[in-house]
Amino acid sequence: MHPKEISIHEYTYQLPPERIAAFPLEERDASKLLVYKDGNITQTQYKEIAQHLPSGSLLVFNNTRVIQARILFTKPSGAVIEIFCLEPYQVINEYSIVLNTKQKLQWKCMIGGASKWKQGPLTKTVEWQNSTITLQANIVSKLNDAYVVELSWQPAALSFAEVLQHTGDMPLPPYIKRKAAQTDKQRYQTIYAKHEGSVAAPTAGLHFSSSIFNELAKKQIQQSFVTLHVGAGTFKPVKAASMQGHEMHAEWIEVDTATLQQLLLHATGHITAVGTTSLRTIESIYWMGVKALLNPLASPDDLLIKQWDVYEVPLSATAICATDALQALLQWMANHQQQRILATTQILICPGYQYKLAKAIVTNFHQPQSTLLLLVAAAVGQSWKKIYEHALQNDFRFLSYGDGSLLYINQPGTGV
């Protein structure tokens, strides 16, 4: 069956609202960890995760940093309008350059309470360092699923990143039914977050502490860092009867040559992706390498991964090993004098997909009927049902601030 024919209704379960974690635990690594390996389920805590990973293996993390993308404007009437900044509405050559823009820019946004915004600009002021920051928003145009909003501010010397830091709130997921607190600025961020651009946290990484990294070092488990800026589309529900009717969100990925070389060294060994975003990134990198191998003269746009690309390649391409794909991508980058890949991916990983680089994934427990649950099912097959049943029966906490799992990916032809 082609993945387009998959019905999302086959990937559901009952998630009681009280099982959704509204707050993180006091200690990051105290969260429960479900381990699925060789068809068996065991239970431990994140602080013990190094004991369940092979010595000398590689962990891949997403080092994106969440921006305070939710801005609340209050009109003179008292009506509150929320502007949720999704991504820049312009060509992106470097996310950091866009975030360092001064004075004004245009951003793709969702607007909560748009019907209350009749005309004219919205204005918000905040006090900061004995001065006043004034932020103004104007609608430029309406898109199919969002708006283009021009944001301008004073003092003009401030960067947009600084403006968001002082006027915006942490964009907690919609299923966390509370306002963002001051503590979320630190806890809805991994300890290794580096590159700003996400509007949602790579939540599997929220469990990792300095203590865990010390234990990983003792087992000579190496770490590698990629960047995928998580978009609000990660929470986009699947409403279509089949996956053919669902448009996968595109997200920006960034990987440098040093990371590709590290992946190449471990391509025939064991690679664990920390989070679905890291997984989507490294699997996209493999397929970009396949495209580069099949067409060495490919343009950067030719390498972009669209939603169904990985299921519609020539049959011969599916047999290309990870080593050859990574080498081809590195050669393509050398030919184009590039030190890093900055591109979008719409990769949809669902049952029927064969993982190319990852041997295991660290991930939280996801919403019913979501593309993230499809990704898990692609890794563990129908065992996803007993994994989630175990979590529900053993008081695991679900979703972004909840507990998580270490899932060893079933090997083709083995059933486990």
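Residues numbered from 1 in each chain as written. Predicted model: local features only at pLDDT ≥ 70, side-chain atom pairs only at ≥ 80, totals over all residues. Heavy atoms only, no water.

### A closer look at the overall build of the protein chain
- Counting secondary structure elements, the protein chain contains nine helices and 17 strands.
- In terms of C-alpha radius of gyration, the protein chain reaches 22 Å, essentially the compact-globule figure of 22 Å for 416 residues.
- Considering only C-alpha atoms, the protein chain reaches an extent of 65 × 55 × 45 Å along its principal axes.
- Residue burial in the protein chain is summarised as follows: out of 416 residues, 54% are buried. (Helix = DSSP H or I, 4+ residues; strand = E, 2+ residues; numbered from the N terminus. Rg over C-alpha atoms; globule rule 2.2 N^0.38 Å. Buried < 20%, exposed > 50% of the residue type's maximum accessible area, 1.4 Å probe, protein only.)

### Considerations on unusual backbone geometry
- Of the consecutive residues glutamine 154 and proline 155, the connecting peptide bond is found in the cis state with omega at 0°.
- Mapped onto the elements, proline 155 comes out in the loop between strand S10 (147-154) and helix H2 (160-167).
- Despite not being glycine, glutamine 337 shows a phi value in the positive range, around 55°.
- Within the secondary structure, glutamine 337 is located in the loop between helix H7 (322-335) and strand S15 (340-345).
- The backbone phi angle of glutamine 369 is positive, close to 55°, even though this residue is not glycine.
- Mapped onto the elements, glutamine 369 comes out in the loop between strand S16 (360-364) and helix H8 (371-380).
- Assessed through its relative accessible area of 24%, glutamine 369 is described here as partly exposed.

### Digging into helix H9 (residues 383-393)
- Along H9, the residues classified as buried are Ser383, Trp384, Ile387, Tyr388 and Ala391. Summarising the axial view, the buried residues of H9 lie within an arc of 135°, below the 170-degree limit, and thus occupy one face.
- Tucked into the core, H9 has its buried residues touching strand S1 (32-37), strand S2 (40-45), S16, H8 and strand S17 (404-408).
- Just past H9, the residue aspartate 395 takes up positive phi, approximately 60°. (Arc of directions from axis to C-beta. Contact = heavy atoms within 4.5 Å.)

### Details of the sheet that holds strand S13 (residues 251-256)
- Spatial strand order, S2-S1-S17-S16-S14-S3-S12-S13-S15: nine strands in an open sheet with mixed pairing. Because the sheet does not close on itself, it has two edges, and the strands there are S2 and S15. Pairwise comparison of adjacent strand axes, ignoring direction, gives a mean angle of 20° for this sheet.
- With three bridges joining them, strand S12 (residues 222-229) and S13 adopt antiparallel strand pairing. Looking at S13, one finds that threonine 227 is bridged to glutamate 254.
- Here H8 sits on the sheet in contact with S1, S16 and S17, set at roughly 35° to S17.
- Sheet strands in contact with H9 are S1, S2, S16 and S17, and its direction is about 155° off that of S1. (Pairing = 2+ DSSP bridges. Axes fitted to C-alpha atoms, helices over the stretch in contact; angles between N-to-C directions.)

### Here we look at the pattern of salt bridges
- Considering all chains together, one arrives at eight salt bridges under this definition.
- The partner of arginine 178 in a salt bridge is aspartate 184, and the shortest N-O contact between them spans 2.8 Å. No difference in accessibility class separates arginine 178 from aspartate 184, as the two residues are buried.
- Close ionic contact of glutamate 215 with lysine 218 constitutes a salt bridge, the shortest N to O distance being 3.1 Å. With glutamate 215 and lysine 218 both in helix H4 (residues 210-218) and three residues apart, the pair spans about one turn of that helix.
- Owing to a relative accessible area of 30%, glutamate 215 belongs among the partly exposed residues under this scheme. (Salt bridge = Lys/Arg side-chain N within 4 Å of Asp/Glu carboxyl O.)

### Topic: the sheet that holds S10
- Read across the sheet, six strands follow the order S5-S6-S7-S10-S9-S8 without closing on themselves; strand pairing throughout is antiparallel. The open sheet is flanked by strand S5 (70-74) and strand S8 (122-128), the only strands paired with a single partner. Each neighbouring strand pair of the sheet contributes to a mean axis angle of 35°, computed without reference to strand direction.
- Bridge analysis of strand S7 (residues 104-112) against S10 gives six bridges, and the strand direction is antiparallel. Looking across to S10, one finds that lysine 108 is bridged to valine 148.

### Quick word on the packing of aromatic side chains
- Across all of its chains, the model carries 23 aromatic pairs by this definition.
- Look at tryptophan 384 and tyrosine 388: their rings are 6.0 Å apart centre to centre, the planes differ by 75°, and that puts the pair in the edge-to-face class. Taken together, the positions of tryptophan 384 and tyrosine 388, both in helix H9 and four residues apart, correspond to about one turn of that helix. Take tryptophan 384 and tyrosine 388: they sit in the same class, and that class is buried.
- What links up through ring pairs into an aromatic cluster is the set Tyr11, Tyr13, Phe365, Trp384, Tyr388, Phe396 and Phe398.
- Between the NZ or CZ atom of lysine 142 and the centre of the ring of tyrosine 147, over which it lies, the distance is 5.3 Å.
- The residue whose ring lies beneath arginine 178 is phenylalanine 23, and the NZ or CZ to ring-centre distance is 3.9 Å. (Phe/Tyr/Trp six-rings, centres within 6.5 Å; stacked < 30°, edge-to-face > 60°. Lys NZ or Arg CZ within 6 Å of the ring centre and 35° of its normal.)

That's the geometry; what it means functionally is another story.
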